[in-house]
Amino acid sequence: MADEKKSKSEFEREAEAPQQGLLAEFLHFLLNNKKWWLTPIIVVLLLVALLIVLSGSAAAPFIYTLF
């Protein structure tokens, strides 16, 4: 019973703590679950997303000359 109360208080303490940002939560996930192989995939996806966003802007002529 004491262990249950301890767990409950830890849960309540975590629930009352301020929320982490998305980047901090992702980093915490990588550290705890040893999923470092996800990092290059995420970086490539972010670069592709950046390329898509920039292709619709004034930077488009400069991006097209790269390819």
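Source: prediction; values computed, not measured.

Provide a residue-level description of the overall build of the chain, including the pertinent values.
Helix and strand counts for the chain stand at 4 helices and 0 strands. When its helices and strands are written in sequence order, the chain yields α-α-α-α. Put simply, the chain has 67 residues, and 6% of those count as buried. Accessible area for the chain stands at about 6,300 Å²; split by element, carbon and sulfur atoms hold 69% of it.

Let's hear about unusual backbone geometry: which residues, and what values?
Negative phi values dominate among residues other than glycine, just as trans dominates among peptide bonds. In this structure, Lys34 is a non-glycine residue whose phi angle is positive, near 55°. On the basis of relative accessible area, Lys34 is assigned to the exposed category, the value being 61%.

Which residues make up the confidence of the model for the chain, and what are the values?
Residues of the chain with pLDDT of at least 70 account for 85%, and the chain-wide mean is 79. Within the chain, the lowest mean pLDDT, 71, falls on helix H1 (residues 2-16), and the highest, 87, falls on helix H3 (residues 38-55).

Describe helix H2 (residues 22-33), listing the residues and the values that go with them.
For H2, spanning 12 residues, the distance from its first C-alpha to its last is 16 Å, which sits close to the expected 16 Å at 1.5 Å a residue. Following H2 by one or two positions, Lys34 adopts a phi angle in the positive range, close to 55°.

A description of a nonpolar patch on the surface should follow, citing residues and the corresponding values.
A cluster of nonpolar residues, Trp37, Ile41, Ile42, Leu45 and Leu46, forms a patch on the protein surface that exposes about 520 Å² of accessible area. Accessibility expressed as a relative area gives 57% for Leu46, which makes it exposed.

Parameters and conventions
Residues numbered from 1 in each chain as written. Predicted model: local features only at pLDDT ≥ 70, side-chain atom pairs only at ≥ 80, totals over all residues. Heavy atoms only, no water. Helix = DSSP H or I, 4+ residues; strand = E, 2+ residues; numbered from the N terminus. Buried < 20%, exposed > 50% of the residue type's maximum accessible area, 1.4 Å probe, protein only. Areas by Shrake-Rupley, 256 points an atom, 1.4 Å probe, with all protein chains shown as cover. pLDDT = per-residue confidence, 0-100. Expected span 1.5 Å × (residues − 1). Patch = residues over 30% accessible without salt bridge, like charges linked within 9 Å, V, L, I, M, F, W, Y side chains within 5 Å. Salt bridge = Lys/Arg side-chain N within 4 Å of Asp/Glu carboxyl O.

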